[in-house]
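Understanding the architecture of this molecule
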Amino acid sequence: MAQDQTGSTESPKPLSVGVLTGGGDCPGLNAVIRGVVRKAEKHYGDRVVGFLDGWKGVIENDFMELTIDACRGILPRGGTILGTTRITPFMVEDGMAKVKATMSENDLDALIVIGGEGTLSCALATYNEGLPVVGVPKTIDNDIGGTERTFGFDTAVAIATEAIDRLHTTAESHDRVMVCEVMGRHVGHIATWAGIAGGATMTLIPEHPFDVQIVCDALVRRHENGRFASIVVVAEGATPAPGTIDLPKQEVDRYGHIRLGGIGHILAGEIEQRTGLETRVTTLGHIQRGGTPTPFDRVLSTRFGVAAIDAVHTGHFGHMVALRSASITPQPLVDCVSELKYVSDELYDVATQFFA
Ligand code: F6P
């Protein structure tokens, strides 16, 4: 395809394109929206509309016009100007028919779906029902296949690392064990990265169920050796090895997702009781998802947004934009959502070198 002097591809006929943000929010969502709109309007002459509250807006035909002017100032802003929910067309009676009606009523040529595993799986299902969708991978968890990075992850790691740095000084003053619970539903990318960056004494992740007695023995040895203060980073989805600790029954939210958060307190209680070491807990929770994105996430989100509207114009429906070998390329959604991306053994092995 021909390129102009700015390196952009030749622009075919203007299109009408919808955008939605679904699932949990994430720093960088607004930067993606801005990237889409900028190139769509300026380069292609497209009309862009933003559906409100994720798929709900498409089902209910509820949207706002997205123009370059409407997107001014949103690059550094956390959250999403469009709102988000976990509702999908498959949860609502005649949901898919309603989505198709909205698309045809508004003469939409494509839908850009910005979301995590659940939202992108839904995007694939709607593509299989004939919808022209392009995905953008979002999540602080960094667990989506097909892309080396999702936006939001770098910000979450930066926040968690800063928290661990702060915990170090107070832990040292009191000679305590500090348990720091970070997000990571199915995978331990945030925990592993922040644990390495923050010099954690131990990092527990969902990929490796932990034996609490082994954790306690290591802490006791460390404190006996006269070294003081320990930071144990635990991903919210980390689980004890079978038969080691009895977990309370987990609550489920209105979308059927297990409500995580709590393993930090359980672990801290076990550590204190088994070792006698004074232990405190910090649960970072949604702090990791709020606020302004890091420069890395602003750049990645902007690149994803620009690439997503390009993918619409090159007809890459049923694809998701992805970071691979420093380039952004469209990848088939079916390959990206089929399996979660776990922490590699190579990276976790680096983390373990610094344990206790
Ligand atoms: O998937 C991103 C994530 O932040 C997970 O790490 C976490 O388990 C979940 O979302 C929390 O979701 P909610 O905001 O619905 O509690």
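Position numbers for residues count from 1 along each chain, tracking the sequence in the order it is written. Totals for whole chains, interfaces and linings use all residues, but because this is a predicted model, local features are given only for residues with pLDDT of at least 70 and pairs of side-chain atoms are given and counted only at 80 or more. Excluded from the side-chain calculations are hydrogens and water; all other atoms, namely the structure's heavy atoms, are used.

Any Lys or Arg side-chain nitrogen found within 4 Å of a carboxyl oxygen on Asp or Glu counts as a salt bridge. A full pass over the atoms with the stated rule returns nine salt bridges. Lysine 39 is the partner of aspartate 310 in a salt bridge, and the nearest nitrogen-oxygen pair spans 3.0 Å. Of this pair, aspartate 310 sits in helix 9 (residues 295-313) while lysine 39 sits in helix 1 (residues 29-44); the two residues are 271 residues apart in sequence, bridging distant segments of the chain. Think of it in three bands: residues with accessible area under 20% of the maximum for their type are buried, residues over 50% are exposed, and the middle band is partly exposed, with areas taken using a 1.4 Å probe on protein chains only. For lysine 39, a relative accessible area of 11% translates into the label buried. Between arginine 280 and glutamate 278 there is a salt bridge, with its nearest N and O atoms 3.0 Å apart. The network of salt bridges with shared partners includes Arg176, Glu278 and Arg280. Here a helix means four or more residues in a row that DSSP labels H or I, a strand means two or more in a row labelled E, and each is numbered from the N terminus.

The nearness test applies per residue and asks whether one of its heavy atoms lies within 4 Å of the molecule or strand. Neighbouring residues of the ligand: Arg86, Thr139, Ile140, Asp141, Met183, Gly184, Arg185, Glu236, His286 and Arg289. Polar contact criterion, stated in full: a pair of N or O atoms within 3.5 Å, where within protein one must be able to donate a hydrogen and the other to accept it, and residues adjacent in sequence count only if both atoms are side-chain atoms. Note that an oxygen atom of the ligand is positioned 2.5 Å from one of the side-chain N or O atoms of glutamate 236. Between arginine 289 and the ligand, the recorded distance is 2.9 Å, taken from a side-chain N or O atom to an oxygen atom. Calculation of accessible area relied on Shrake-Rupley with a 1.4 Å probe; when residues are assessed, cover is drawn exclusively from the protein chains displayed. In isolation the ligand has 400 Å² of accessible area, and contact with the protein removes 78% of it. Whether a set of points on the 1 Å grid over the protein atoms alone is a cavity depends on a 1.4 Å probe fitting there but being unable to get out, while an open set qualifies as a pocket with protein on both sides within 12 Å along at least five of seven lines; lining residues are those with an atom within 4 Å of a point. Just a note on the criterion: a molecule sits in a pocket or cavity if more than half of its atoms are within 2 Å of the grid points. Placement of the ligand is best described as lying within the largest pocket. Just so you know the grouping, Ala, Val, Leu, Ile, Met, Phe, Trp, Tyr, Cys and Pro go in nonpolar, Asp, Glu, Lys and Arg go in charged, and all remaining residues, Gly too, go in polar. Considering only residue class, the shell around the ligand consists of two nonpolar, three polar and five charged. Built from parts of two domains, the shell around the ligand gets at least three residues from each of domain 1 (2-152 + 293-336) and domain 2 (153-290). Delimitation of the domains relies on an automatic or database domain assignment.

So, on to the sheet that holds strand 6 (residues 177-182). Pairing between strands is defined by DSSP: at least two bridges between them are needed. Read across the sheet, four strands follow the order 7-8-6-9 without closing on themselves; strand pairing throughout is parallel. Two strands lie at the open edges of the sheet, namely strand 7 (202-204) and strand 9 (279-283), each paired on one side alone. Across this sheet, the average inter-strand angle for adjacent strands is 20°, counted without regard to direction. Taken together, the five bridges between strand 6 and strand 9 define a ladder with parallel strand orientation. Bridge pairing in strand 9 places valine 177 opposite threonine 279. Note on contacts: a residue pair qualifies if any of its non-hydrogen atoms lie within 4.5 Å across the two residues. Inter-axis angles, ranging from 0 to 180 degrees, are taken between N-to-C directions of lines fitted to C-alpha atoms, where helices are fitted over the stretch in contact. With respect to the sheet, helix 5 (residues 153-174) is in contact with strand 6, strand 8 (230-235) and strand 9, its orientation differing from that of strand 6 by roughly 165°.

Our focus in this paragraph is the pairing of strand 5 (residues 133-137). Within strand 5, five of the five residues are buried, which leaves the element mostly enclosed by the surrounding structure. On strand 5, burial covers both faces: Val133, Gly135 and Pro137 on one face and Val134 and Val136 on the other are all buried. Pairing of strand 5 with strand 10 (residues 319-324) involves two bridges; the strand directions are parallel. Bridged to valine 134 within strand 10 is histidine 319.

Keep in mind these numbers describe shape, not what the thing actually does.
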